[in-house]
Amino acid sequence: MHPRFLHTFSRRSAQTLLDLASLALWRTEPQLRYSTLPPAAQSALSRLLWSLVLPCVYLSLVLTLLLVLAVLGVRLWLQGRRKARGARDSSPAVAFFHPYCHAGGGGERVLWCGLRALQTRYPSFSFVVYTGDEGVSGEQILEGARQRFNITLPRPVTFVFLRHRVLVEARSYPHFTLLGQSLGSMFLGWEALTAFVPDLYVDSMGYAFTLPVFRYLGACKVASYVHYPTVSTDMLSVVRERNPRFNNADFISRNPVLSAVKVLYYCCFALLYGLAGSCSDVIMVNSTWTLGHILALWRSPSRTGVVYPPCDVRAFLDVPLDEDEDEDGWEEKCHSIVSVGQFRPEKDHRLQIRAFRNLLDRKGSGPGGREALRLVLVGGCRNQEDEERVLMLRGLCHELGVADRVHFKVNVPFDELKRELVDATIGLHTMWNEHFGIGVVECMAAGTIVLAHKSGGPKLDIVVPYEGGQTGFLADSEDSYAAAMETILALSPAARLEIRRTARRSVQRFSDQEFEACFLAAMEPLMMKLER
């Protein structure tokens, strides 16, 4: 390198450093103003800013252009694949994204009822289900739906088996779980889209971040059925108030800095979640509670409506309500209080046990007291963690001195579940902000008097007046639950029978027939566009 060049470079570097030092001194001395800076320092600052800004602007423009070209290229490629499929099969294709379609929950019942309704109404369409289930065939999945839900599809469906379902499983993301699962769902959605390009895409499990993938890359019409918002304003309030719950660890709720960081994380995620969800052409939600949160986050009121999930309660409706209860011996009768729900932390079985102990203290040991009451906890254990939770609950019962009056029924068959509900006086539910509450509907159909949490779907949709009559009771604390149970037990048989009858009539709002009618009405605008 030429010595003269080195000398010039060193001199310019030294001058720049002096200018920047002057700038730093000016920033640390409040009494100095920009106008008092030496001209050389002002010039150095301008050169520094331009040297940083202009390359960033150029780089951003180039990257944006490349991204747009890449998206357009992928979109054209996928449209070509759809046209090739259309040349082979002229019928429009509707695809449901349901990675856990072989499970037996309420979400899967929505999937199969929705498919059955669409197949019956649109016989010329073809239907596809994206699933991540492994070790099963399509025939086995359909047979499982028939055995669990008594649902048989009028025509076969095509299953697209996805290999990377682990990307949407919570255990894959011990930290920042919501963000990890959402980004993972985008990659899983990409796998689904490249395997089969539909005309209409339906997300029936709540993976909102797959919607922009299918809409903007696949150029598909998109619809969604939302069981539960991935993030909600209630979650934000729990963290802001530093309230420890199952989804807000104690070490975070005790630390104001970590709580502030988590609030910021939730706010940023809520913004992204709203942008993704707003891509949907049709939005169906399962309850009024979910509707409120989705409207606040997705901001698409003209495209959003409530479609209650189908609840199969026919097995309970054939049980006659007992009308021959003895008025004189009612208070001495043994009453069972039954809770039905998986042994998950959000079900809050601890609150049930504490409220029951409170009730026993109120009733005392006289007639209709402790010996005439029992609490039955019926539920399923999904894994070792749930089994350990049951052991913890048993320990709580011993600690509170109610172990002899609390009975656990774990993973029992349906016939035993039905028998417990039919014999029960009160059906107990304590989950805070449950989005809907199929278990509450089942209790009402079985003829028990429901006592549910005063929040979410039970408060807004289920335990509401029907035809001018009362359908159940609501509570939200240990004392209010105990007081409500005491009130129910003190009712006369005639008063209780009237509530049970009204509650049973009200569950017709949640039948398969009602769901299919509302589901078809919501989907009709998109289906008609595909028919043209």
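What counts and how
Residues numbered from 1 in each chain as written. Predicted model: local features only at pLDDT ≥ 70, side-chain atom pairs only at ≥ 80, totals over all residues. Heavy atoms only, no water. Patch = residues over 30% accessible without salt bridge, like charges linked within 9 Å, V, L, I, M, F, W, Y side chains within 5 Å. Areas by Shrake-Rupley, 256 points an atom, 1.4 Å probe, with all protein chains shown as cover. Salt bridge = Lys/Arg side-chain N within 4 Å of Asp/Glu carboxyl O. Helix = DSSP H or I, 4+ residues; strand = E, 2+ residues; numbered from the N terminus. Buried < 20%, exposed > 50% of the residue type's maximum accessible area, 1.4 Å probe, protein only. Pairing = 2+ DSSP bridges. Axes fitted to C-alpha atoms, helices over the stretch in contact; angles between N-to-C directions. Contact = heavy atoms within 4.5 Å. Phe/Tyr/Trp six-rings, centres within 6.5 Å; stacked < 30°, edge-to-face > 60°. Lys NZ or Arg CZ within 6 Å of the ring centre and 35° of its normal. UniProt positions renumbered as here; feature names shortened; annotations may be inferred. Expected span 1.5 Å × (residues − 1). Arc of directions from axis to C-beta.

A. The arrangement of a nonpolar patch on the surface in detail. Taken together, the side chains of Leu 48, Leu 49, Trp 50, Leu 52, Val 53, Leu 54, Val 57, Tyr 58 and Leu 61 make up a nonpolar region of the molecular surface, amounting to roughly 870 Å² of accessible area. Tracing the chain through its elements places Leu 61 in helix α2 (residues 39-88). Relative accessible area serves as the criterion here: at 56%, Leu 61 is assigned to the exposed category.

B. Seen up close, the sheet that holds strand β5 (residues 221-226). The seven strands are arranged β3-β2-β1-β4-β5-β6-β7 in an open sheet whose pairing can be described as parallel. Each having just a single partner strand, β3 (158-161) and β7 (304-306) make up the two edges of the open sheet. The mean angle between the axes of side-by-side strands here comes to 20°, regardless of whether they run parallel or antiparallel. The sheet contact formed by β5 and strand β6 (residues 282-285) spans four bridges and is parallel. The residue bridging Ala 223 from the neighbouring strand is Val 282, located in β6. Its contacts with the sheet put helix α4 (residues 138-149) on β2 (126-131) and β3, and the angle it makes with β3 is roughly 115°.

C. Region of interest: the sheet that holds strand β11 (residues 426-428). The six strands lie next to each other as β10-β9-β8-β11-β12-β13, forming an open sheet whose pairing is parallel. Edge positions in the open sheet fall to β10 (406-410) and β13 (472-475), since each of these has one partner strand only. Shown here is a sheet whose adjacent strand axes are inclined to one another by a mean of 25°, direction ignored. With three bridges joining them, β11 and strand β12 (residues 449-453) adopt parallel strand pairing. Within the sheet, the bridge partner assigned to Gly 427 lies in β12 and is Val 450. In the packing of helix α17 (residues 478-490) onto the sheet, the strands contacted are β8 (335-340), β9 (373-379), β11, β12 and β13, and the crossing angle to β12 comes to about 170°.

D. Summary view of the packing of aromatic side chains. If you walk through the whole model with that rule in mind, you get 21 aromatic pairs. Plain terms: the ring middles of Tyr 201 and Phe 214 are 3.7 Å apart, the flat faces sit at 10° to each other, and that makes the pair stacked. With Tyr 201 in strand β4 (residues 200-203) and Phe 214 in helix α6 (residues 211-217), this pair connects stretches of sequence that are 13 residues apart. One aromatic cluster in this structure is built from Phe 97, Tyr 130, Tyr 201, Tyr 207 and Phe 214. Above the face of the Tyr 122 ring, Arg 121 is positioned so that its terminal group lies 4.5 Å from the ring centre.

E. The arrangement of the UniProt feature "transmembrane region" (unreviewed entry) in the protein in detail. Here the UniProt feature "transmembrane region" (unreviewed entry) sits at residues 48-78 and 263-285. Taken end to end, residues 48-78 comprises 100% helix and 0% strand; its first and last C-alpha atoms sit 45 Å apart.

F. Up close: helix α13 (residues 384-400). The first and last C-alpha atoms of α13 sit 25 Å apart over 17 residues, in line with the 24 Å expected at 1.5 Å per residue. Those residues of α13 not exposed but buried are Asp 386, Arg 389, Val 390, Leu 393, Leu 396, Cys 397 and Leu 400. In an axial view of α13, the angular spread of the buried residues amounts to 115°, which keeps them on one side of the axis. Turned more than 90 degrees from where α13 packs its buried face, Leu 391, His 398 and Glu 399 sit exposed. Buried residues along α13 sit in contact with α12 (349-363) and β10. Among the residues trailing α13, Gly 401 stands out with phi positive, at a value near 75°.

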